[in-house]
Amino acid sequence: MTITMYGIPNCDTIKKAKKWLEAEGVDYQFHDYRKQGIDKAMVETFCQQLGWENVLNKRGTTYRQLTQEQKDNLNEANAIELLVEQPAMIKRPILVNGNDYHLGFKADQYAAIFS
(Lines give C-alpha, C1' and ligand atoms only; values in the text may rest on other atoms or scores of the structure.)
Protein backbone atom coordinates (compact mmCIF):
# COMPACT_ATOMS: atom_id res chain seq x y z
CA MET A 1 0.00 0.00 0.00
CA THR A 2 1.34 3.41 -0.98
CA ILE A 3 1.38 6.17 1.59
CA THR A 4 1.48 9.67 0.17
CA MET A 5 2.06 12.89 2.03
CA TYR A 6 0.87 16.07 0.31
CA GLY A 7 2.30 19.49 1.09
CA ILE A 8 5.17 21.88 0.55
CA PRO A 9 8.69 20.93 1.67
CA ASN A 10 9.60 24.12 3.54
CA CYS A 11 6.63 23.81 5.93
CA ASP A 12 7.70 23.08 9.54
CA THR A 13 4.80 20.69 10.13
CA ILE A 14 5.73 18.75 6.98
CA LYS A 15 9.34 18.53 8.20
CA LYS A 16 8.19 17.14 11.57
CA ALA A 17 5.85 14.63 9.91
CA LYS A 18 8.58 13.45 7.50
CA LYS A 19 11.05 13.10 10.36
CA TRP A 20 8.51 11.02 12.32
CA LEU A 21 7.77 8.73 9.35
CA GLU A 22 11.47 8.24 8.63
CA ALA A 23 12.29 7.54 12.30
CA GLU A 24 9.52 4.90 12.38
CA GLY A 25 10.67 3.35 9.09
CA VAL A 26 7.41 4.14 7.30
CA ASP A 27 7.83 4.09 3.53
CA TYR A 28 6.01 7.02 1.92
CA GLN A 29 6.01 9.26 -1.11
CA PHE A 30 6.00 13.04 -0.87
CA HIS A 31 3.86 15.05 -3.28
CA ASP A 32 5.08 18.63 -3.51
CA TYR A 33 2.22 20.90 -4.63
CA ARG A 34 4.67 23.41 -6.07
CA LYS A 35 6.71 20.89 -8.11
CA GLN A 36 4.18 18.16 -8.90
CA GLY A 37 1.18 20.42 -9.04
CA ILE A 38 -2.37 20.05 -7.89
CA ASP A 39 -5.64 19.89 -9.76
CA LYS A 40 -9.32 20.38 -9.07
CA ALA A 41 -10.04 16.64 -8.86
CA MET A 42 -7.37 16.21 -6.16
CA VAL A 43 -8.70 19.13 -4.10
CA GLU A 44 -12.28 17.90 -4.49
CA THR A 45 -11.24 14.47 -3.18
CA PHE A 46 -9.49 16.06 -0.17
CA CYS A 47 -12.62 18.11 0.54
CA GLN A 48 -14.96 15.12 0.17
CA GLN A 49 -12.80 13.03 2.50
CA LEU A 50 -11.92 15.66 5.10
CA GLY A 51 -14.47 18.48 4.69
CA TRP A 52 -13.59 21.70 2.85
CA GLU A 53 -13.64 23.77 6.04
CA ASN A 54 -10.98 21.48 7.54
CA VAL A 55 -8.82 21.46 4.40
CA LEU A 56 -8.79 25.28 4.23
CA ASN A 57 -5.97 26.63 6.41
CA LYS A 58 -7.36 29.80 7.97
CA ARG A 59 -4.20 30.45 9.99
CA GLY A 60 -1.88 30.97 7.03
CA THR A 61 -0.72 34.19 5.43
CA THR A 62 -2.39 33.33 2.11
CA TYR A 63 -5.83 33.09 3.72
CA ARG A 64 -5.31 36.32 5.68
CA GLN A 65 -4.54 38.11 2.40
CA LEU A 66 -8.01 37.33 1.01
CA THR A 67 -10.46 40.21 0.93
CA GLN A 68 -13.16 40.28 3.62
CA GLU A 69 -15.71 39.74 0.86
CA GLN A 70 -13.90 36.56 -0.27
CA LYS A 71 -13.83 35.28 3.32
CA ASP A 72 -17.50 36.14 3.92
CA ASN A 73 -18.66 34.40 0.74
CA LEU A 74 -16.65 31.19 1.08
CA ASN A 75 -18.47 28.00 0.20
CA GLU A 76 -17.25 24.62 -0.96
CA ALA A 77 -17.24 25.50 -4.67
CA ASN A 78 -15.27 28.74 -4.43
CA ALA A 79 -13.03 27.37 -1.66
CA ILE A 80 -12.01 24.53 -4.01
CA GLU A 81 -11.20 27.07 -6.76
CA LEU A 82 -9.08 29.10 -4.30
CA LEU A 83 -7.25 26.01 -3.04
CA VAL A 84 -6.37 24.95 -6.59
CA GLU A 85 -5.02 28.46 -7.33
CA GLN A 86 -3.32 28.80 -3.92
CA PRO A 87 -2.22 25.36 -2.66
CA ALA A 88 -0.43 27.07 0.26
CA MET A 89 -3.94 27.50 1.74
CA ILE A 90 -4.37 23.74 2.05
CA LYS A 91 -3.81 22.65 5.64
CA ARG A 92 -0.70 20.47 5.86
CA PRO A 93 0.11 17.73 5.67
CA ILE A 94 -2.58 15.65 4.07
CA LEU A 95 -1.60 12.02 4.46
CA VAL A 96 -3.25 9.40 2.29
CA ASN A 97 -2.85 5.85 3.54
CA GLY A 98 -4.77 3.56 1.18
CA ASN A 99 -8.36 4.85 1.42
CA ASP A 100 -7.76 6.73 4.67
CA TYR A 101 -7.20 10.47 4.66
CA HIS A 102 -5.55 12.25 7.60
CA LEU A 103 -5.05 15.96 8.13
CA GLY A 104 -2.29 17.67 10.07
CA PHE A 105 0.45 16.08 12.12
CA LYS A 106 0.68 15.05 15.74
CA ALA A 107 3.02 12.26 16.85
CA ASP A 108 0.18 10.52 18.77
CA GLN A 109 -2.09 10.67 15.74
CA TYR A 110 0.59 9.12 13.47
CA ALA A 111 1.42 6.50 16.11
CA ALA A 112 -2.26 5.46 16.10
CA ILE A 113 -2.40 5.38 12.27
CA PHE A 114 0.70 3.20 11.96
CA SER A 115 0.34 0.99 15.04
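To keep things clear, this report deals only with the structure shown in the data block. What you see is a predicted model, and the numbers here were worked out from it, not measured in a lab.

Comments concerning the overall build of the protein
And step 1. Across its full length, the protein carries 8 helices and 4 strands.
And step 2. The secondary structure elements of the protein, listed N-terminal to C-terminal, are β-α-β-α-α-α-α-α-α-β-β-α.
And step 3. Over its C-alpha atoms the protein spans a radius of gyration of 14 Å, differing by no more than 12% from the 13 Å that the globule rule assigns to 115 residues.
And step 4. Burial analysis of the protein (115 residues in total) assigns 43% to the buried set.
And step 5. Only carbon and sulfur atoms are counted for the fraction: they give 42% of the accessible area of the protein, which is about 6800 Å².

Side note on a negative patch on the surface
And step 1. Taken together, the side chains of Asp39, Glu44, Glu53 and Glu76 make up a negatively charged region of the molecular surface.
And step 2. In this structure, Glu44 sits in helix H3 (residues 40-50).
And step 3. With a relative accessible area of 30%, Glu44 lands in the partly exposed category.

The rules behind the values
- Residues numbered from 1 in each chain as written.
- Predicted model: local features only at pLDDT ≥ 70, side-chain atom pairs only at ≥ 80, totals over all residues.
- Heavy atoms only, no water.
- Helix = DSSP H or I, 4+ residues; strand = E, 2+ residues; numbered from the N terminus.
- Rg over C-alpha atoms; globule rule 2.2 N^0.38 Å.
- Buried < 20%, exposed > 50% of the residue type's maximum accessible area, 1.4 Å probe, protein only.
- Areas by Shrake-Rupley, 256 points an atom, 1.4 Å probe, with all protein chains shown as cover.
- Patch = residues over 30% accessible without salt bridge, like charges linked within 9 Å, V, L, I, M, F, W, Y side chains within 5 Å.
- Salt bridge = Lys/Arg side-chain N within 4 Å of Asp/Glu carboxyl O.
- Lys, Arg positive; Asp, Glu negative; His and termini not counted.
- Charge placed at Lys NZ, Arg CZ, Asp CG, Glu CD.

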